[in-house]
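# A look at the structure
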Amino acid sequence: MDTSKSMNNLEIAELLRDVAASYQLQDDKKNKFKIIAYQRAADAVEHMSSEAKDLWDDGKLEGVGGIGPSIAQHLGEIFKTGRSKHFDELMKGIPPAVFELMTIPGIGVKRAFRLVTELKVNSIAELKKAAESNKISGLEGFGEDSQSAILKSVGEVKKDKKRMLLPYATQTAQEIIDWVKKDPSVKHADPLGSLRRKVSTVGDVDIAAASDKPQQVLEHFTKYPHASRVLEKGTRSAAIILPSGVQVDILVGETATYGSILQHFTGSKHHNVALREYALKKGLSLSDYGIYTKPGDPKSLKEIATEEQFYKFLGMDWIPPELREDTGEIQAALDHKLPKLVEAKDIKADLQIHSSFDIETSHDLGASTMEEVISAANKLGYEYLAFTEHNPSKSKHSQKEIVDILKRKREKVDKINYSIVKDVKSSVKKVFNSLEIDILPNGELPVPEEGLATLDFALVSIHSSFRLPRQEMTARVLRALEYPNVKIFAHPTGRKLNEREGIEVDWEKIFEACLTKNIWIEINSDPARLDLPDNLVHEAVKKGIKLTLGTDSHHKDGLVNMQYGVSVARRGWATKSDIINTLSLNDFEKSLRG
């Protein structure tokens, strides 16, 4: 275990999954709860908006959901010394190649261990050579089919395989679901797992289908015309590989048990474990076939056709998939206190849009005119919009030139509003003159106060110097929030999914400042951002901070991405009242003045 260098969250998550795999090798039944604990901790670390090391420095790592005292202690030892004696001891004797082979589709830790120890291979490249030399087929439990499958899977391994952004995963799943539904025996078909829970990124695609003719459905599924090959086909399930390398799995169940299948495979695993523990206390046992009223007695199976029936049988309200992360939703469902989550239909405006209005910025300009954006917004039924072009470049303009540019934009917006008033067919009744302004490294804004005064309100955000020390970054943001007319802190962590982790700040201080100054925090709906992350949305909601949704669109077609921001809001337990742009135009204007 090489932890001699400072580890980032993704590296820590990978290490924790290796630890879970090590426990599986020892005894997966005896170590069941340890395996789950480390897998849960890995998920928690991977999706943190702050570095685990920074949270440990502040004494807050143990407070993160999914990280208990023992795991926090082991990670603390790594942060202090570069190693964990417990992890070293646990993984002692396990060749490093075992963990590398686990990245191959279809190879779990036990098969990986056998391949490494029995064939003496030390890498994926060596495993490929072994398959090509027909050395795998002779191993007990493998055979020629397994060898052929491994050889194909090796070619699909991508060292830095990135998780899919929501739009791509959603589109991929929908295209395959549409194909599956062409089989007349299919009554229902739905996405499963992280995609159904609307997690910000998705690994492989899982779907479920309800049919009383599973073999017919599986045969149809494996003939999907855009599949590069069939990975496997059984009696209830099958898997295909797409040309992109994405694996798609399907599980087919009877209509009478479809509710249990949908609930079980939507997850998350932490939600399901907590649900099983609750059920056992009531003398029940849960499975993807239904609910056993007498655990161990097959005759006591209660078939569940819908998820609503599943949760009702347990005495709970139906829990929206986005909330199934074991963050208090089970108790809330028992107490009938689940929030009524915000929905896409509640959104009355987009509060971050970039038009083609030329303000000579240092950033990419929007590709659509204000009029084209308004036309697109009318199709969505929006009541108002905010045009938030980037601030003019400070290095290319004098302060007077910046102010003059902003005055020109003010005049443009006023003219548009005058024309909107006369257009009875337009659902958009007003557009607001706003600006997305860079927060400079010292916390200053590159727009003079005279320029700020031309705006209805300003958004501030970070576009550079992302790796400042935490204390310095916090001071930077707090200083920017002091400026007049600043109303929204936009894409607050500055993260780019699969590309860049977010900034490190003291969120307690940021939240406190936003509450004190009545500043709103944005959930940026750009699928590459989805920022504020859902865990911080949840914290903000609990503190009573108001949130906004904006697509950050640079083209009129980008307005449809609002749905992904809504998903983040829902995962953060946000209701309609938590989101500012669910307000009517009149109420929004009152909030601006408040």
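For the structure, see preceding data.
What comes next concerns the included structure. Bear in mind the structure is a predicted one, so any value in this text is a computation, not a measurement. (Residues numbered from 1 in each chain as written. Predicted model: local features only at pLDDT ≥ 70, side-chain atom pairs only at ≥ 80, totals over all residues. Heavy atoms only, no water.)

## Observations concerning the pairing of strand 5 (residues 229–233)
In this sheet, strand 6 (residues 237–241) lies alongside strand 5 in antiparallel orientation, the contact comprising four bridges. When the sheet's bridge partners are listed, Lys233 is paired in strand 6 with Ala238. From the end of strand 5 to the start of strand 6, which pair antiparallel, there are three residues. (Pairing = 2+ DSSP bridges. Helix = DSSP H or I, 4+ residues; strand = E, 2+ residues; numbered from the N terminus.)

## Examining the sheet that holds strand 18 (residues 547–550)
The strand order across the open sheet formed by five strands is 14-15-16-17-18, and the pairing between neighbours is parallel. At either end of the open sheet lies a strand with only one pairing partner, and these are strand 14 (436–438) and strand 18. This sheet shows a mean twist of 40 degrees between the axes of neighbouring strands, independent of strand direction. Bridge count for strand 16 (residues 486–489) against strand 17 (residues 520–524) is two bridges, and the pairing is parallel. Each residue of the ladder has a partner; that of Phe489, found in strand 17, is Ile521. (Axes fitted to C-alpha atoms, helices over the stretch in contact; angles between N-to-C directions.)

## Observations regarding the packing of aromatic side chains
All told, the structure shown has 12 aromatic pairs when counted by the stated rule. With centroids separated by 5.6 Å and ring planes inclined at 50 degrees, the aromatic side chains of Trp56 and Phe79 adopt a geometry described as tilted. Linking Trp56 in helix 3 (residues 52–57) with Phe79 in helix 4 (residues 69–81), this pair joins segments that are 23 residues apart in sequence. Given the relative accessible area of 25%, Trp56 is considered partly exposed. Here Phe457 and Phe588 contribute two aromatic rings whose centre-to-centre distance is 6.2 Å and whose plane-to-plane angle is 75 degrees, an arrangement assigned as edge-to-face. (Phe/Tyr/Trp six-rings, centres within 6.5 Å; stacked < 30°, edge-to-face > 60°. Buried < 20%, exposed > 50% of the residue type's maximum accessible area, 1.4 Å probe, protein only.)

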